[in-house]
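This is what each chain is made of:
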Amino acid sequence: MSYPSMIDSSGRTLGTEEVEAVTRVLQSGMLSAVWGREVRALEREMADLHGVSHAVACSSGTAALHLAVAAVAPDPGDEIITSPISDFGTVAPILAQNAVPVFADVDPDTGNLDPAAVAAAIGPRTRAILGVHLFGAPATGLREVADAAGLPLIEDCAQAWLTRYPDDRLAGTVGTIGCFSLQQWKHITCGDGGLTITDDAALARRMRLFADKGWPREGGVRRHESLGLNYRMTELAGAVARAQLTKLPGVLADRRRTARRLSAALADLPGVRVPADPDRHAWWLFPVVLDPPLTNHEVAAALARAGVPARAGYLDEPLHCAPALVDAPTYGGSRYPMTVPPADRLPTLGWGTRPNAERLITQTLLVIDWNERYTDTHVDQIARAVRAAVTG
Ligand SMILES: *Cc1c(COP(=O)(O)O)cnc(C)c1O
């Protein structure tokens, strides 16, 4: 049996609405959001969906995170605490703003930042906390830690469209800024694209300027108020993203329904743990945490033999072990800003420093591809394959 896939139309919700959207933009002759209406409308619709006052669109999830990091304005060498299990797009913007990523360890069951580890990592130069809702599970407890330390919280919601906290608030609305991705593999897509949301008008304005060369575009001025790049979303992408946004609730409902079915099917299986609270999880992937003596590589290999799209560990190495951070130069031949902190606060990097994250990647975490087009038949086959793989 073949599984719907994010890399072709079998596992995407792209249809006549998106074709109509692209056609509408092309026929208008205006492909740039500076003068067009689509991206502005997308921002309004995104803000309304989340019940916040501002949304700023940009060209990728990484760009969205870069807008957020630039907006909270670390001085060069300031520290931002983040997760060792994420896409590299979480970390690259910190380095690009000349700030130092500090990796706190994660919860061994969810892979989300452990709030106590985050609190312990806060130092005199900490400027923000950048939390990640891994695979769509809400990363809880971070707002409390941020508030106690007077720090802004940035939420990386790239895998967490319509994730809900235990108190029902939407991911992205609890922190100071929420960041989303519209890349090919996310819940909804326009190829590449990003969105940030916030209730803070000053931060929204800073993000908008950073995405457009620091150019306010008000009243026909041609002046540059602050450093900015060109991270603009095009009207073509914006129109597709608008059509996709209307399908998001359906995508989530379908992913949650089949995820509940798999969770129930695996509930009595010893050594196999699935996420709690399936109706608040966004199910970007279906993560499973295995207890020893089961290992993720063995179970993933058995699933691969059964034709189930699944992988061990999500990453080959956690981010605090990535060569880009451990020993590769950042700018020219220099490892700046990783070299800025004083000796007693130099970032500790490499294997052996974040045991929970490392164990998840190398031994306990298995991720099964998930999709809104999975049928009960797909789910039942996955359940049988997992059962066979873990009971040998
Ligand atoms: C995909 C992703 C990003 C980066 O988004 P892009 O659109 O690929 O730049 C950042 N963080 C997380 C958690 C992601 O899954």
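What counts, and where the lines are drawn
Residues numbered from 1 in each chain as written. Predicted model: local features only at pLDDT ≥ 70, side-chain atom pairs only at ≥ 80, totals over all residues. Heavy atoms only, no water. UniProt positions renumbered as here; feature names shortened; annotations may be inferred. Helix = DSSP H or I, 4+ residues; strand = E, 2+ residues; numbered from the N terminus. Contact = heavy atoms within 4.5 Å. Buried < 20%, exposed > 50% of the residue type's maximum accessible area, 1.4 Å probe, protein only. Pairing = 2+ DSSP bridges. Right-handed = clockwise from strand over helix to strand, strands pointing away. Phe/Tyr/Trp six-rings, centres within 6.5 Å; stacked < 30°, edge-to-face > 60°. Lys NZ or Arg CZ within 6 Å of the ring centre and 35° of its normal. Near = heavy atom within 4 Å. Polar contact = N/O pair within 3.5 Å; in protein donor to acceptor, adjacent residues only side chain to side chain. Areas by Shrake-Rupley, 256 points an atom, 1.4 Å probe, with all protein chains shown as cover. Nonpolar A, V, L, I, M, F, W, Y, C, P; charged D, E, K, R; others polar.

Colleague: So, the UniProt feature "active site" (unreviewed entry) in the protein chain: which residues are in play, and what are the values?
Modeller: Under the local residue numbering, the UniProt record ascribes the feature "active site" (unreviewed entry) to Lys186. Assignment of secondary structure puts Lys186 in the loop between strand E6 (177–181) and strand E7 (194–198). Those residues in contact with Lys186, other than ones at most four positions away along the chain, are Met6, Arg12, Ala158, Trp161, Ser181 and Trp284.

Colleague: Let's hear about the pairing of strand E5 (residues 153–156): which residues, and what values?
Modeller: Neither face of E5 is exposed, since Leu153 and Glu155 on one face and Ile154 and Asp156 on the opposite face are all buried. The pairing of strand E4 (residues 126–132) with E5 spans four bridges and is classified as parallel. Within E5, the position partnered with Ile129 by the bridge is Leu153. With respect to chirality, the unit in which E4 leads through helix H6 (residues 142–149) into the neighbouring parallel E5 is right-handed. Relative to E6, E5 is paired through three bridges, and the arrangement is parallel. Considered in E6, the bridge of Glu155 is made with Gly178.

Colleague: Requested: an account of the packing of aromatic side chains, with residues and values cited.
Modeller: Evaluation of the coordinates by the stated rule reveals eight aromatic pairs. Aromatic pair Tyr3 and Tyr374: ring centres 5.6 Å apart, planes at 65°, arrangement edge-to-face. One end of the pair, Tyr3, is in the segment before helix H1 (16–28); the other, Tyr374, is in the loop between strand E11 (365–369) and helix H12 (376–391), and 371 residues separate them in sequence. Pair check on accessibility: Tyr3 and Tyr374 agree, each one buried. Ring geometry for Phe286 against Trp370: centres 5.1 Å apart, planes inclined by 50°, an arrangement best described as tilted. Of this pair, Phe286 sits in strand E9 (residues 285–290) while Trp370 is found in the loop between E11 and H12, placing the two residues 84 residues apart along the sequence. Residue Phe286 shares its accessibility class with Trp370, and that shared class is buried. Across from the ring centre of Trp284, 5.6 Å away, lies the NZ or CZ of Lys186, which sits over that ring. Lying across the ring of Trp215, Arg217 places its NZ or CZ 3.7 Å from the centre.

Colleague: Describe the site of the ligand, with residues and values.
Modeller: Around the ligand, the surrounding shell holds 14 residues, and the nearest of these are Gly61, Thr62, Asp156, Ser181 and Lys186. Between an oxygen atom of the ligand and a side-chain N or O atom of Thr62, the distance comes to 2.5 Å. Between the ligand and Lys186 there is a distance of 2.8 Å, counted from an oxygen atom to a side-chain nitrogen or oxygen. Burial of the ligand by the protein chains amounts to 93% of its free accessible area of 380 Å². Top contributing element to the shell around the ligand by residue count: helix H3 (residues 61–72), with three residues. Each residue belonging to the shell around the ligand can be placed in one class, and the counts come to three nonpolar, eight polar and three charged.

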